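Chains, contacts and geometry: an overview
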Amino acid sequence: MNREHRVVVIGAGMSGLLAGIRLRDVGIEDFTIYEKADDIGGTWRDNTYPGLACDVPSHVYSYSFAPNPEWSQRFSPGPEIHAYLEQTAKKFGVYDRVQLGKDVTRCEWADGQWHLETADGTTDRADFVICATGVLVKPRIPEIPGLDDFQGDVFHSARWDHDVSLAGKRVGVVGTGSTAVQIVTAVIEEVSELSLFQRTAQWIMPGANQDYSEAERESFRTDADAITALRVELDRSFTMQFSDALTDESSAGVKMIEDRCREHLEGKVLDPVLRERLRPDYRAACKRLVVADGFYEAMQQPNASLVTDAIDRFEPHGVRTRDGKLHELDVVVLATGFHAHDFMRPMNLTGRNGRTLDDAWGDTPRAYRSISMPDFPNFFMIVGPHSPIGNFSLIEISELQVDFALQLMERVRSGACSEICATAAATTGFNQSIQEAMKDTIWVTGCQSWYLDANGVPATWPWSVQRFRDTMATPIWGDFEQVSAT
Ligand code: NAP
């Protein structure tokens, strides 16, 4: 007979809500999901910028157990995804298990349990912690001199100020990642002038977005097999295509991606000078590939300008570039990305024998199979270091990881042991094989990207998604230290 174990889930984004749902599925009811913000939804709560959409097809960016016949588009807009997460959390009875406004600041292993504390002073104890704190969470604000002197409005893309209207304004966008590309495309018709500050050009693959017709949605509503068939097809044509291609820089798949990006640029941008300024000097998909329609068209509108001179500083009335030109602006959007290697930090996380996260990681986050760390028993990360975070559905990745964690938890729940975590040897071996395999990937072919850690090693998964599925299917029990309470 299992004794009742208590679980704390940290984070109520896509992964944390999923963890709650799966805990209930296996009969664990004593759990709480702590969320630092005032709403659920993670990245889909934080990002509300114009043009926000997911560039992974919606029917695979859905939980496997909660297909959604109502997706409006092949790549549905952000608010729809946020609503889907909320509806699913309610439907599966975890919405009320979330405590909002609870920022977990301390998590310490002592006396065979995790002791947690939140910023507002709440304390809790748990037998297990599932840490689902996300990856692209903390906005990266660039250190550009004079930012505070700017007299217009300035905000990061993930902290959009909806009190500021862009209509008829001179708007600057800093950055050319997936976020900037979506914003530029969405606002170009509304603003009087748009200046895109491009430090590095991006390859852009067309997404071929399309609306689902009412007839298609009706068929999804009435025939569950129709969604299943679509997911199978998208798995073949989208997930496997990307995952197999990116992990082998000499693959036919990468060649196809490169060709499609080049044809997109050359087919859409008519002015040869602008075309060359938009042409990256590194290989497609070296950075996380942007998948989008309409950006090149937007950049050819008369009110758009591409600024490729480096930013020197902000001034009260705009941005001065190194060529000495002042770009006068009313609003600046910093689409400058995130601190993607922070994971749960700055949480004060302390494992066995006083070992801290800084002791374990230094400047290089690492874990065993991205989930478990030596000396951090009964603590499991979802979308931890070296999770597959490429151009495919992170929802499937999280489902596999949560189910892997549940298998580890079951060892404790069944009484086989009281503490479980990866051994140091298995963790070192896993990370060595990761580093070796990275040499073949497209991500190390000569570009800067948020994938790269402080040592230039991409913090993603260097093998196929199928290998990840196989790896997550069954734990290698010899790789785990299983301690029984005396
Ligand atoms: P990002 O890909 O990290 O891009 C940040 C951009 O800001 C880059 O162009 C970078 O230039 C530029 N930048 C940073 N600091 C700068 C500075 N000091 N001066 C000038 N430029 C600077 O960030 P993101 O666009 O927010 O996207 C992050 C990730 O979020 C994406 O890769 C994707 O995984 C995810 N995302 C997904 C979707 C989706 O549809 N699923 C949509 C948006 C975002 P450099 O290239 O020179 O570094």
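First, a word on scope: everything that follows refers to the structure included in this document. All values derive from a computational prediction rather than experimental measurement.

Basis of the calculations
- Residues numbered from 1 in each chain as written.
- Predicted model: local features only at pLDDT ≥ 70, side-chain atom pairs only at ≥ 80, totals over all residues.
- Heavy atoms only, no water.
- Near = heavy atom within 4 Å.
- Polar contact = N/O pair within 3.5 Å; in protein donor to acceptor, adjacent residues only side chain to side chain.
- Helix = DSSP H or I, 4+ residues; strand = E, 2+ residues; numbered from the N terminus.
- Nonpolar A, V, L, I, M, F, W, Y, C, P; charged D, E, K, R; others polar.
- Domains from an automatic or database assignment.
- Buried < 20%, exposed > 50% of the residue type's maximum accessible area, 1.4 Å probe, protein only.
- Pairing = 2+ DSSP bridges.
- Disulfide = S-S within 2.5 Å.

What about the site of the ligand?
Looking at the ligand, there are 22 residues lining it, with Ala 53, Thr 179, Thr 200, Lys 287 and Trp 450 nearest. Arg 199 is positioned such that a nitrogen or oxygen atom in its side chain is 2.9 Å from an oxygen atom of the ligand. For the ligand, an oxygen atom lies 2.5 Å from a polar atom in the side chain of Lys 287. Counting residues per element, the shell around the ligand draws most heavily on helix α4 (residues 178-187), at three residues. Across the shell around the ligand, the residue classes break down as nine nonpolar, nine polar and four charged. Both domain 1 (7-138 + 339-483) and domain 2 (147-208 + 235-334) contribute no fewer than three residues apiece to the shell around the ligand.

Observations concerning the pairing of strand β7 (residues 128-131)
Taking every second residue as pointing to the same face, both faces of β7 are buried, with Phe 128 and Ile 130 on one and Val 129 and Cys 131 on the other. Bridging between strand β1 (residues 7-10) and β7 involves four bridges; their strand directions are parallel. Its bridge partner lying in β7, Val 8 is registered against Val 129. Here β7 pairs with strand β19 (residues 379-381) via three bridges, running parallel. If you follow Val 129 over to β19, its bridge partner there is Phe 379.

Some thoughts on the state of the cysteines
As used here, a disulfide is simply a covalent bond connecting the sulfur atoms of two cysteines. Scanning the model with the defined rule gives one disulfide in all. For Cys 286, the disulfide goes to Cys 447, at an S-S distance of 2.1 Å. Note on the Cys 286 and Cys 447 pair: the S-S dihedral is about -95 degrees, so by sign convention the disulfide is left-handed. With Cys 286 in the loop between α8 (272-277) and β12 (290-291) and Cys 447 in the loop between α12 (424-438) and α13 (465-473), the pair connects residues that are 161 residues apart, well separated along the chain. Free of any disulfide, Cys 107 has its nearest neighbouring cysteine sulfur in Cys 131, separated by 7.5 Å. A residue is classified by how much of its surface remains accessible, and Cys 107, at 0% relative accessible area, is buried.

Structural measurements only, silent on function.
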